[in-house]
Amino acid sequence: AAEAARVKAEAEAAEAARVQAEAEAAEAAAAEAARARAETEAVEAAATEAARLKAEADAAEAAEAARLKEEEAEAARLKAESEATAAAEAAKLQAEKAEEARLKADAEATAAAKAARLLLEKAEIARVKAEEEAAAETARFEAEEKAVQLKAEAESAVDAGEEACTKTSKSGKGTQAKKKDPKKGAGESRRRSASTASASADTAEHRGRLSSRNSRNSSESLTVKTTRTRSKSPRPGSRPRSSSPALSLKGSGTAGSRSAKDKRRLPTPPTPADRATPSPLVVPKAKPKFAIPVGEYVVATTKSGAYPGYLRFYGTVEFDKGNWCGVELTAPKGAHNGTVQDVSYFSCADNYGIFVLPSRVSKLRKPKT
């Protein structure tokens, strides 16, 4: 019984030890599981922190990229505005050159039209003069024909007188005291008829000379009137009048129908120095103007880039020719404080002032504060 009790006690002790060992093993397994769970949670927390840091880094990088893109867009806009201003200036210069060329072409066309008009007037004068000479030649020929006709009539009259004298001498009429030689009477009648024919011929020749002189005077008066008409300069913008109708009317008269005014002394034609000459065309030069007032927010474009600032000065300077713009920059990227070569044009902080040409300055929208 004692042995059985001992064995039973040993069995119970062994069973209790086994149960205790199992309990310890279970506790150790639970501790290991808790440690593993803690490690897993720590890994997850580290991963979460890494993801957060990565997200923050990505956001910062995106913000920096967006800022760079915005700066590039602003620089591109400023460059485009400066290029547009330069293109507008070039277009303006081209338009001024085109206007000068048009005015020059108009002046040349006016001079050419005037020269053509003068040539037409000279041609018309020559034509009228030729017509007058032809009319004078025709009158001379008619006078010569009339003189020949009168001479023939005079010869016929002489022959008739001789026949009458012959008949009278044959009939024996008349008293002996008044009796004359038939040949002597015929000679006297012939001389009277010849003198009459000569007088008629001289009259016809005189009429022909008068016709030629009147034609010549008509041509000279026509030349003087045309010269007077030519010396009158037309009004600007008016339509030039042609003198052809006046020439055809004044030079178409005949020698017998001319009035007493044509026999007066003709005036002296004007010299070329007395004739009015058109004044040369003067194109006024445009005065330099700057549309941007002082104090406006502008952008100044230089070789190194485009810089925003405020316009502080516009006008002539002593360090160079022409008009210049003084700009106070918003960043210390200038070259002075508004004073150049001991001459103060405006006032600003050091390295904030810059001078550029007016074509390099354009108005800029002021940023919101």
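Just above sits the structure.
A short tour of the structure in this document, coming up. (Residues numbered from 1 in each chain as written. Predicted model: local features only at pLDDT ≥ 70, side-chain atom pairs only at ≥ 80, totals over all residues. Heavy atoms only, no water.)

### Regarding the overall build of the protein
Stated precisely, the cut-off is as follows: Only DSSP runs of H or I with at least four residues qualify as helices, and only runs of E with at least two residues qualify as strands; both kinds are numbered from the N terminus onward. Per-residue accessibility, obtained with a 1.4 Å probe over protein chains only, is compared with the maximum for each type, and a residue is labelled buried under 20%, exposed over 50%, and partly exposed between these values. When checking whether two residues touch, look at their non-hydrogen atoms; a contact exists if any pair is within 4.5 Å.
In terms of regular secondary structure, the protein is built from three helices and seven strands. Going from N to C terminus, the protein has its helices and strands arranged as α-α-α-β-β-β-β-β-β-β. The buried share among the 369 residues of the protein stands at 19%. For the protein, the share of sequence-separated contacts (at least 6 apart) that also reach a separation of at least 24 residues comes to 60%.

### So, the nonpolar core
As a reminder of what qualifies: In these notes, a set of buried Ala, Val, Leu, Ile, Met, Phe, Trp, Tyr and Cys residues joined through side-chain atoms within 4.5 Å is what counts as a nonpolar core.
Grouped together as the largest cluster of nonpolar side chains are eleven residues: I292, V298, A300, Y307, L311, C325, V327, L329, I354, V356 and V361. When residues of this core are traced back to their parent elements, those giving at least two are β1 (297-302), β2 (305-316), β3 (323-329) and β6 (353-356). Considering each element in turn, this core owes the most residues, three residues, to β3. Ignoring sequence-local partners within four residues, the contact set of Y307 consists of V298, V299, A300, T302, L329 and K333. The next biggest cluster of nonpolar side chains, apart from the first, holds eight residues, and it includes V317, W324, V340 and C348.

### A closer look at unusual backbone geometry
Here the phi dihedral of D342 falls at roughly 65°; this positive angle occurs in a residue that is not glycine. Here D342 lies in the loop between β4 (339-340) and β5 (343-344). In this structure D342 comes out as exposed when scored by relative accessible area, which is 78%.

### Quick look at the sheet that holds β6
The cut-off we apply is this: For two strands to be treated as a pair, DSSP must find at least two bridges joining them. Axes, fitted as lines to C-alpha atoms, cover a helix only where it is in contact. Angles between the N-to-C directions of the axes lie from 0 to 180 degrees.
Strand order across the open sheet formed by five strands is β6-β3-β2-β1-β7, with antiparallel pairing between neighbours. Whereas interior strands pair on both sides, the edge strands pair on one side only; in this sheet they are β6 and β7 (361-363). Direction aside, neighbouring strands of the sheet carry axes that sit 45° apart on average. Two strands pair when backbone bridges link them, and β1 and β7 are joined in this way by three bridges, in the antiparallel orientation. Across the sheet, V299 pairs through a bridge with S362, a residue of β7.

### So, the side chain of E328
Rules: Under the rule applied, a polar contact is a pair of N or O atoms within 3.5 Å (in protein, one hydrogen donor and one hydrogen acceptor; residues adjacent in sequence only if both atoms are side-chain atoms).
Within the secondary structure layout, E328 lies in strand β3. In terms of polar contacts, E328 uses its side chain to reach the side chain of R312, at 2.7 Å. When residues no more than four places from it in sequence are discounted, the contact partners of E328 are G309, Y310, R312, F346, S347, C348 and Y352.

### Looking at the packing of aromatic side chains
Formally: The pairing test for Phe, Tyr and Trp rings, Trp by its six-membered ring, is centres within 6.5 Å, and the orientation test on the planes gives stacked under 30 degrees, edge-to-face over 60, and tilted for anything in between.
Per the counting criterion, the structure on display carries eight aromatic pairs. With 5.3 Å between their ring centres and 55° between their planes, F313 and Y345 make a pair best called tilted. Note that F313 is positioned in strand β2 and Y345 in the loop between β5 and β6, a separation of 32 residues in sequence. A relative accessible area of 14% means that Y345 is categorised as buried. A network of ring pairs unites the aromatic residues F313, F319, W324, Y345, F346 and F355 as a single cluster.

### A few points about the pairing of β2
Note: β1 against β2, six bridges, orientation antiparallel. The residue of β2 that forms the bridge with V299 is P308. In the sheet, β2 pairs with β3 via seven bridges, with the strands oriented antiparallel. Residue pairing for β3: T316 is matched across the bridge by N323. Remark: six residues form the turn of the hairpin made by β2 and β3, two consecutive strands paired antiparallel; G322 in that turn has positive phi of roughly 85°.

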